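Understanding the architecture of this molecule
Single-letter residue listing:
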Amino acid sequence: MSKMIEGERNRFHGVEVGSDALPDTADGFKGRLDHSIRSWKEEGLQVAWFKVPLTRAFLIPALVDAGSVFHHSTTDYLMLTLRLAEGAFVPLYATHYIGAGGVVINEKNELLVVCERFRGGRAPYYKLPGGALQPEEHLAEGVVREVFEETGVPTRFDGLVCFRHWHGYRYDKSDIYFVCRLKPLHQIIEMQATEIEECFWMPVETYMGSENVSQFNKLIVKAAVENQGLKETWVDGYGDPDRYEFFMPE
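All values reported here derive from a predicted model rather than from experimental measurement. (Residues numbered from 1 in each chain as written. Predicted model: local features only at pLDDT ≥ 70, side-chain atom pairs only at ≥ 80, totals over all residues. Heavy atoms only, no water.)

Focus: the overall build of the chain
To keep things clear, this is the line we draw: Secondary structure elements are defined from DSSP: runs of H or I of at least 4 residues count as helices, runs of E of at least 2 residues count as strands, and each element is numbered from the N terminus. With C-alpha atoms as the basis for the radius of gyration, the globule rule is written as 2.2 Å multiplied by the number of residues raised to the power 0.38. Only protein chains enter the accessibility calculation, which uses a 1.4 Å probe; a residue is then buried when its area is under 20% of its type maximum, exposed when over 50%, and partly exposed in between. When checking whether two residues touch, look at their non-hydrogen atoms; a contact exists if any pair is within 4.5 Å.
When helices and strands are tallied, the chain shows five helices and 13 strands. Taking 250 residues into account, the globule formula puts the C-alpha radius of gyration at 18 Å, and the chain, at 25 Å, lies well above it. Principal axes of the C-alpha set define a box for the chain whose edges measure 80 × 45 × 30 Å. The buried share of the chain, reckoned over its 250 residues, is 42%. The long-range share in the chain, meaning contacts at least 24 apart out of those at least 6 apart in sequence, stands at 63%.

Dropping the structure here:
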């Protein structure tokens, strides 16, 4: 009889087959897979998860032939799922991008603005510095990092002003864009020339009246000027060493 494929049970009444449990060759894998699927079904399991690293990509055809489908992928592995019971619940993978822009206003009531170098053929326009958060990065530290990388201006997080949610973004995913008010720690600009074409301090009044600024950007700058925003608050995790980042009124 074929040897079972080892896997850990999870809270979705499923079995997770990790990279280390998969064989180094395809020889005999189909037989082991068929035997394992029958055993998992007899056990009453609902879903099988297979984490296949790039080094074992040759196993994917057999998994697909058995009914598995792609769930998500990273740079070094592909996750497949196989429903062992009809209608079994499979949670979705990440559905959104998370980005943040910084409204940075100095003591002269000037706004730190950038014009992107790669605009897809569009005319020059001025927007807030910012960008996408990195994995395991908190919002407040992410927007400070992005502003510094693009402009060279160090800042301090001051408040969460608003956010935008829309669909149909990159690779058909949705996007949440947070707008944060930041205080500049100095005003010397060192522009990131690879991505940014222009970077300078523009009077807020000029920005609000410029034809080279979108209505969306005018709206969020107005919100930052007229509202205090939500302050960053930290709450300890529930028995977890990590801390949760919240935004609440003072």
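Considerations on unusual backbone geometry
Of note, N109 is a non-glycine position whose phi angle comes to about 60°, a positive value. Along the chain, N109 turns up in the loop between β6 (96-104) and β7 (110-116). Of the residues examined, N109 reaches a relative accessible area of 45% and is grouped as partly exposed.

Structural notes on the side chain of E110
Applied cut-off: We score Asp and Glu as negative and Lys and Arg as positive, and we do not count His or the chain ends. Between Lys or Arg on one side and Asp or Glu on the other, a salt bridge is scored when a side-chain nitrogen of the former is within 4 Å of a carboxyl oxygen of the latter. Throughout this description, a polar contact denotes any pair of N or O atoms lying within 3.5 Å of each other; where both atoms belong to protein, one of them has to be capable of donating a hydrogen while the other can accept it, and for residues adjacent in sequence the pair is counted only when both atoms sit in side chains.
You can see E110 is positioned in strand β7. At 5.1 Å, K108 is the nearest oppositely charged side chain to E110, a buried residue that forms no salt bridge. Of note is the side chain of E110, whose polar atom sits 2.8 Å from the side chain of N106. For E110, the contacting residues outside a window of four places in its chain are V104, I105, Q187, W201, M202, P203 and V204.

Describing the nonpolar core
Short version of the rule: Throughout, nonpolar core names a set of buried Ala, Val, Leu, Ile, Met, Phe, Trp, Tyr and Cys residues whose side chains join them through atoms within 4.5 Å.
Formed by 20 residues in total, the largest nonpolar core has its most connected members in L112, L139, V143, F157, L160, C180 and L182. Residue assignment for this core shows that the elements contributing at least two residues are β6, β7, α3 (139-151), β9 (155-166), β10 (174-184) and β11 (196-203). Discounting residues that sit within four places of it in the chain, F157 has contacts with A140, V143, V144, C180, R181, L182, L230, E232 and F247. Counting 19 residues, the second-largest nonpolar core is a separate cluster that includes L33, L45, A48 and I60.

Here's the deal with helix α1 (residues 29-43)
Our working rule: A helix is expected to reach a length of 1.5 Å times the quantity of its residues less one.
When the terminal C-alpha atoms of α1 are compared, their 21 Å separation across 15 residues agrees well with the 21 Å that a helix rising 1.5 Å per residue should span. Buried within α1 are the following residues: F29, R32, L33, H35, S36, I37, S39 and W40. Looking at the buried residues of α1, the elements they touch are β1 (8-10), β2 (14-17), β3 (47-53), α2 (60-65) and β5 (77-83). G44 sits one or two positions beyond α1 and adopts a positive phi of about 90°.

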